[in-house]
Amino acid sequence: MGTGSGTHAAAAGAGAPLLIGVLALQGDVREHIAMLEAVGARAVAVRRVAELDAVDGLVIPGGESTTMWKLATAFDLFEPVRKRIAEGMPAYGSCAGMIMLADRVLDAAPGQESFGGIAMTVRRNAFGRQIDSFEGPIGFDGLDGVDGVEGVLHGVFIRAPWVEEVDPAVHVSARVTAGPGAGRIVAVQHGALMATSFHPELTGDLRVHGRFVRLARAAR
Ligand code: GLN
């Protein structure tokens, strides 16, 4: 732990701001860094194992999961990220990041692997061509800090996956409320891991990142 960094946040005491990494192989990294800083965490791009070692939690951005899988392997990050998640590092994945956190992936590319961690099955590009990108209101359990109470957010879906099924240990945080995907699971939480099919980092709504930072702080 903490190799290559003199600023290991976990060693800095419980009151210190968390250091959250954003996996920076591909995808909308800058947007996540800005959101994390806006909710009071320190945030850094993660491209190397030494950077991964220094963080208290990791965001896996939207982008393209097949590309992220290939680059993580090429950068020797795939196994280290998988291992830290398996050891309990908090992580939040949006869209392609949700796919990377899923134990099981349907409609994956040949050989495509995920880091896993969330006991669920996701389907890539699930919403289909006609509605491959869409926006709409989503009721999200615990969004405003109280579990069991839904907050409404504006969901932005871009060639998004949905969650086909979850194991009992996984909490369903949000489903699509209307339209062709109505009833489909689009946000989950499993221990210190969170995932959304949609992209809160593109809306300026800080509440999902706020929820993740609270989760990561509680896990520390
Ligand atoms: N369809 C992409 C994938 O399979 C995810 C799209 C996104 O992250 N916006 O990785």
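Preceding this paragraph is the structure being described.
Computed from a prediction, not measured in an experiment: that's the story for all the values here.

Cut-offs and rules
- Within each chain, residue numbers correspond to sequence positions counted from 1 in written order.
- For this predicted model, a pLDDT threshold of at least 70 governs which residues receive local features, and a threshold of 80 or more governs which side-chain atom pairs are given and counted, while totals over whole chains, interfaces and linings are taken from all residues.
- Values reported for side chains reflect all heavy atoms of the structure, with hydrogen atoms and water molecules removed beforehand.
- Numbering of helices and strands runs from the N terminus; a helix is a DSSP stretch of H or I covering at least four residues, while a strand is a stretch of E covering at least two.
- What the globule rule says is 2.2 Å times the number of residues to the power 0.38, and the radius of gyration is computed from C-alpha atoms.
- For every residue, the accessible area obtained with a 1.4 Å probe (protein chains only) is divided by the maximum for its type, and the residue is called buried under 20%, exposed over 50%, and partly exposed between those limits.
- Throughout, a contact is declared for two residues whenever any of their heavy atoms are within 4.5 Å.
- Here the accessible surface of atoms and residues is derived via Shrake-Rupley with a 1.4 Å probe, and residues count as covered only by protein chains that are part of the display.
- The convention is simple: Lys and Arg are positive, Asp and Glu are negative, and His and the chain ends are not counted.
- Charge coordinates come from a single atom per side chain, which is NZ of Lys, CZ of Arg, CG of Asp or CD of Glu.
- What is meant by a nonpolar core is a set of buried Ala, Val, Leu, Ile, Met, Phe, Trp, Tyr and Cys residues, joined one to another through side-chain atoms within 4.5 Å.
- When at least one non-hydrogen atom of a residue lies within 4 Å of a molecule or strand, that residue is treated as near it.
- Definition of a polar contact: a pair of N or O atoms within 3.5 Å, with one able to donate and the other able to accept a hydrogen when the atoms are protein atoms, and with sequence-neighbouring residues admitted only if both atoms are side-chain atoms.
- Here the nonpolar group is Ala, Val, Leu, Ile, Met, Phe, Trp, Tyr, Cys and Pro; Asp, Glu, Lys and Arg are the charged ones; every other residue, Gly included, is treated as polar.
- Ring pairs are drawn from Phe, Tyr and Trp, using the six-membered ring of Trp, whenever the two centres fall within 6.5 Å, and their geometry is named by plane angle: stacked under 30 degrees, edge-to-face over 60, tilted for the rest.
- A 1.4 Å probe that fits into a set of points on a 1 Å grid over the protein atoms alone but cannot get out defines a cavity; an open set with protein on both sides within 12 Å along at least five of seven lines defines a pocket, and lining residues are those with an atom within 4 Å of a point.
- Grid points are joined across faces, edges and corners, and a volume is the space filled by probe spheres set on the points.
- Here, any two strands with at least 2 DSSP bridges between them count as paired.
- This arc is built from the directions going out from the helix axis to the C-beta atoms.

K.L.:
Help me understand the overall build of the protein chain in this model?
P.N.:
For the protein chain, the count of helices and strands is six helices and twelve strands. For 220 residues, the compact-globule formula gives about 17 Å, and the C-alpha radius of gyration of the protein chain, at 16 Å, lands near that figure. Counting only residues that meet the buried cut, the protein chain has 51% of its 220 residues in that class. Look at the contacts in the protein chain between residues 6 or more apart in sequence, and 65% of them connect residues 24 or more apart. Within the structure as shown, the protein chain displays about 9,300 Å² of accessible surface, and the carbon and sulfur contribution to it stands at 52%. Treating the 20 positive side-chain charges of the protein chain as one cloud and the 24 negative ones as another, the clouds have centres 2 Å apart.

K.L.:
Honestly, the nonpolar core in this entry has me stumped. Any pointers?
P.N.:
Note on soluble globular proteins: their nonpolar side chains tend to be buried together. Counting residues in hydrophobic clusters, the biggest one holds 35 residues, and the most contacted among them are Leu23, Ile60, Phe115 and Met120. The element that contributes the greatest number of residues to this core is helix H5 (residues 96-101), accounting for five residues. Leaving out residues up to four positions away in the same chain, Met120 has contacts with Met98, Ala102, Asp103, Arg104, Val163, Glu165, Val166, Val188 and Ala195. Residues Leu18, Val22, Ala43 and Val176 belong to the second largest nonpolar core, which totals 32 residues.

K.L.:
It is not clear to me how the site of the ligand should be interpreted in this structure. Could you clarify?
P.N.:
Around the ligand, the structure places Gly62, Gly63, Glu64, Ser65, Cys95, Ala96, Ile99, Arg124, Asn125, Ile158, Arg159 and His199. Ser65 places a polar main-chain atom, nitrogen or oxygen, 2.5 Å from an oxygen atom of the ligand. When isolated, the ligand has an accessible area of 300 Å², and the protein chains bury 97% of it. Residues that form the shell around the ligand fall into these classes: four nonpolar, five polar and three charged.

K.L.:
What am I meant to see in the side chain of Gln112 here?
P.N.:
Tracing the backbone through its elements, the reader meets Gln112 in the loop between strand E5 (102-106) and strand E6 (118-123). The exposure class of Gln112 is buried, given its relative accessible area of 13%. Separated by 2.9 Å, the side chain of Gln112 and the backbone nitrogen of Ala109 make a polar contact. For Gln112, the residues in contact, after removing those within four places along its chain, are Ser65, Thr66, Trp69, Ile99 and Arg124.

K.L.:
In this structure, what is going on with the packing of aromatic side chains? I would like to understand it.
P.N.:
Describing an aromatic ring pair means giving the distance of the ring centres and the angle of the ring planes. Throughout the structure, instances matching the rule amount to eight aromatic pairs. Taking 6.0 Å as the distance between ring centres and 40° as the angle between the ring planes, the aromatic pair formed by Tyr92 and Phe212 counts as tilted. Of this pair, Tyr92 sits in strand E4 (residues 91-94) while Phe212 sits in helix H6 (residues 207-219), placing them 120 residues apart in sequence. Since its relative accessible area comes to 0%, Phe212 is described here as buried.

K.L.:
I keep staring at the layout of surface pockets and nothing clicks. Help me out?
P.N.:
To find leftover empty space, one rolls a probe the size of a water molecule over the atoms. Of the pockets and cavities examined, the largest pocket occupies roughly 180 Å³. Contributing to the lining of the largest pocket are 15 residues, with Gly63, Glu64, Cys95, Ile158 and Arg159 lying nearest its centre. Of the residues in the lining of the largest pocket, the class split is six nonpolar, five polar and four charged.

K.L.:
I tried to follow the pairing of strand E10 (residues 171-176) on my own but got confused; where do I start?
P.N.:
Each regular strand carries side chains that alternate between the two faces of the sheet. Taken together, the three bridges between strand E7 (residues 133-141) and E10 define a ladder with antiparallel strand orientation. The partner of Phe140 across the bridge, within E10, is Ala174.

K.L.:
Which parts of the structure should I look at to understand helix H3 (residues 65-74)?
P.N.:
Working note: α-helix, 3.6 residues per turn, so residues spaced by three or four point in the same direction. When we look at burial in H3, the residues that qualify are Ser65, Thr66, Met68, Trp69 and Ala72. Taken end-on, H3 shows its buried residues confined to a sector of 165°, consistent with a single buried face. Exposed side of H3, more than 90 degrees from the buried face: Lys70 and Ala74 are the residues found there. Looking at the packing, one finds that the buried side of H3 touches strand E3 (57-60), helix H4 (78-86) and H5.

K.L.:
Please clarify how the environment of Pro110 should be interpreted in this entry.
P.N.:
Mapped onto the elements of the fold, Pro110 is located in the loop between E5 and E6. Pro110 sits in the exposed class, given a relative accessible area of 78%. Taking the C-alpha atoms as reference, Pro110 lies 15 Å from Met100; in sequence the two are ten residues apart.

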